[in-house]
Amino acid sequence: MKTITQMLHHSFWANERILLSLQQIDNPKVRNIFSHILYAEQVWATRLQGEDSSHLPIWQETDLDTCARLVKNNRETFIRYLNHLSEDDLDKSFSYQNSTGKEFTNSRREILTHLSLHGQHHRGQINTLLREAGTEPPAIDFIIFAR
């Protein structure tokens, strides 16, 4: 449980650092990828709470105010979720439907690990795009967070 919690807190921290960068130099391509991270987090939170996520966007252009709201709301939602989750709950199977209606079963541990890795993958893309645009990207490595 400790590792999953730490990974997710790192994701929230990294999202905040990306948001701060975008508030300084807004880049539409970067904002689109960032909003994808945030919308995907929202989708997974909805699924984990046993609700239908089919109406939620996964890729949708949005503004920085919406990104800021999603950063805050996703963090709060997952912290509440983690506070009510036990170590045993992490490995229980959980069924959900993807955006096309196909059913899948994974453990909560697998889903939360995926969530963290998915965000980090796209934040790496974001930092590459920022660097290519002549902007120094924020340091978002886990080891920096852990210090």
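That block above? That's the structure.
The rules behind the values
- Residues numbered from 1 in each chain as written.
- Predicted model: local features only at pLDDT ≥ 70, side-chain atom pairs only at ≥ 80, totals over all residues.
- Heavy atoms only, no water.
- Helix = DSSP H or I, 4+ residues; strand = E, 2+ residues; numbered from the N terminus.
- Contact = heavy atoms within 4.5 Å.
- Axes fitted to C-alpha atoms, helices over the stretch in contact; angles between N-to-C directions.
- Parallel < 35°, antiparallel > 145°, perpendicular 65-115°, else oblique.
- Nonpolar A, V, L, I, M, F, W, Y, C, P; charged D, E, K, R; others polar.
- Buried < 20%, exposed > 50% of the residue type's maximum accessible area, 1.4 Å probe, protein only.
- Phe/Tyr/Trp six-rings, centres within 6.5 Å; stacked < 30°, edge-to-face > 60°.
- Lys NZ or Arg CZ within 6 Å of the ring centre and 35° of its normal.

Chemist: Account for the side chain of Thr77, with residues named and values stated.
Modeler: As for its position among the elements, Thr77 is in helix α3 (residues 64-83). Look past the residues within four positions of Thr77 in its chain and what remains in contact with it is Ala45 and Gln49.

Chemist: Please give an account of the packing of helix α1 (residues 2-24) against α3 that cites residues and values.
Modeler: Their axes nearest at 10 Å, the elements α1 and α3 cross at an angle of 170°. Considering the angle they form, α1 stands roughly antiparallel to α3. Judged by residue contacts, Ile4, Thr5, Leu8, His9, Phe12, Trp13, Asn15, Glu16, Leu19, Leu22 and Gln23 of α1 engage Leu64, Cys67, Ala68, Val71, Asn74, Arg75, Phe78, Ile79 and Leu82 from α3. Of the residues that constitute the contact of α1 with α3, the class distribution is 13 nonpolar, five polar and two charged.

Chemist: Quick rundown of the environment of Leu20? Include the residues and the values.
Modeler: By secondary structure assignment, the location of Leu20 is in helix α1. Leu20 gets classed as exposed once you look at its relative accessible area, which sits at 52%. A sequence separation of 101 residues divides Leu20 from His121, and the C-alpha atoms of the two residues are 19 Å apart.

Chemist: A description of the packing of aromatic side chains should follow, citing residues and the corresponding values.
Modeler: What the rule picks out here adds up to six aromatic pairs. Their ring planes at 20° and their centres at 6.3 Å tell us that Phe94 and Tyr96 sit as a pair that is stacked. Pair check on accessibility: Phe94 and Tyr96 agree, each one buried. Of the aromatic side chains, those joined through ring pairs into one cluster are Trp44, Phe94, Tyr96 and Phe104. Sitting over the ring of Trp44, Arg47 keeps its end group 4.6 Å from the ring centre.

Everything listed is a geometric property; what it means functionally is a separate question.
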